[in-house]
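If you want the building blocks of each chain, they are given just below.
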Amino acid sequence: MFRHDIIIVGGGLAGLRAALSAASADVAVISRVHPLRSHSIAAQGGINAVLSENDRWEDHAFDTIKGSDYLADQDAVEVLCREAPERVYPDGELGNTFFTD
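Read on for a plain summary of the structure.

1. What about helix H3 (residues 57-67)?
- Among all positions of H3, only His-60, Ala-61 and Ile-65 are buried. Looking straight down H3, one finds its buried side chains confined to an arc of 130 degrees; they lie on one side. Along H3, exposed side chains directed more than 90 degrees from the buried face belong to Asp-63 and Gly-67.

Structure, rendered in structure tokens:
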């Protein structure tokens, strides 16, 4: 039997980022697919972050809510859209490739 302090289910960007955050513990990441086959890699729409002066977090929030058929938690989407730039750049420095067009 394997024993770990933390078990993370999901090998996409969120799961791998969580594993990095908990790296001081004994962490296991469990995924049905190899990380390069995750939904994060296969995403067509890109990442939800304001990266230029001509962009607004409100537009990203609207796109996210509309894309969820208005089922997304709107408060959570607002936090996601407001804080995304702070998260994208550090993740890019960790080796994640983000296209900023």
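Still more ground to cover, so stick around.
2. As for unusual backbone geometry
- The phi angle at Asp-69 is positive, at roughly 60 degrees, despite the residue not being glycine.
- By secondary structure assignment, the location of Asp-69 is in the loop between H3 and helix H4 (74-93).
- For Tyr-70, which is not glycine, the phi torsion reads 65 degrees and is therefore positive.
- Tracing the backbone shows Tyr-70 in the loop between H3 and H4.
- By relative accessible area, which is 49% here, Tyr-70 ends up partly exposed.

3. A short note on the pairing of strand S1 (residues 6-9)
- Of the pairings in the sheet, the one linking S1 to strand S2 (residues 27-30) comprises four bridges and is parallel in character. Its bridge partner being in S2, Val-9 is matched across the sheet by Ile-30.
- In this view, the connection linking S1 to its parallel neighbour S2 by way of helix H1 (residues 13-21) has right-handed handedness.

Calculation notes
Residues numbered from 1 in each chain as written. Predicted model: local features only at pLDDT ≥ 70, side-chain atom pairs only at ≥ 80, totals over all residues. Heavy atoms only, no water. Buried < 20%, exposed > 50% of the residue type's maximum accessible area, 1.4 Å probe, protein only. Helix = DSSP H or I, 4+ residues; strand = E, 2+ residues; numbered from the N terminus. Arc of directions from axis to C-beta. Pairing = 2+ DSSP bridges. Right-handed = clockwise from strand over helix to strand, strands pointing away.

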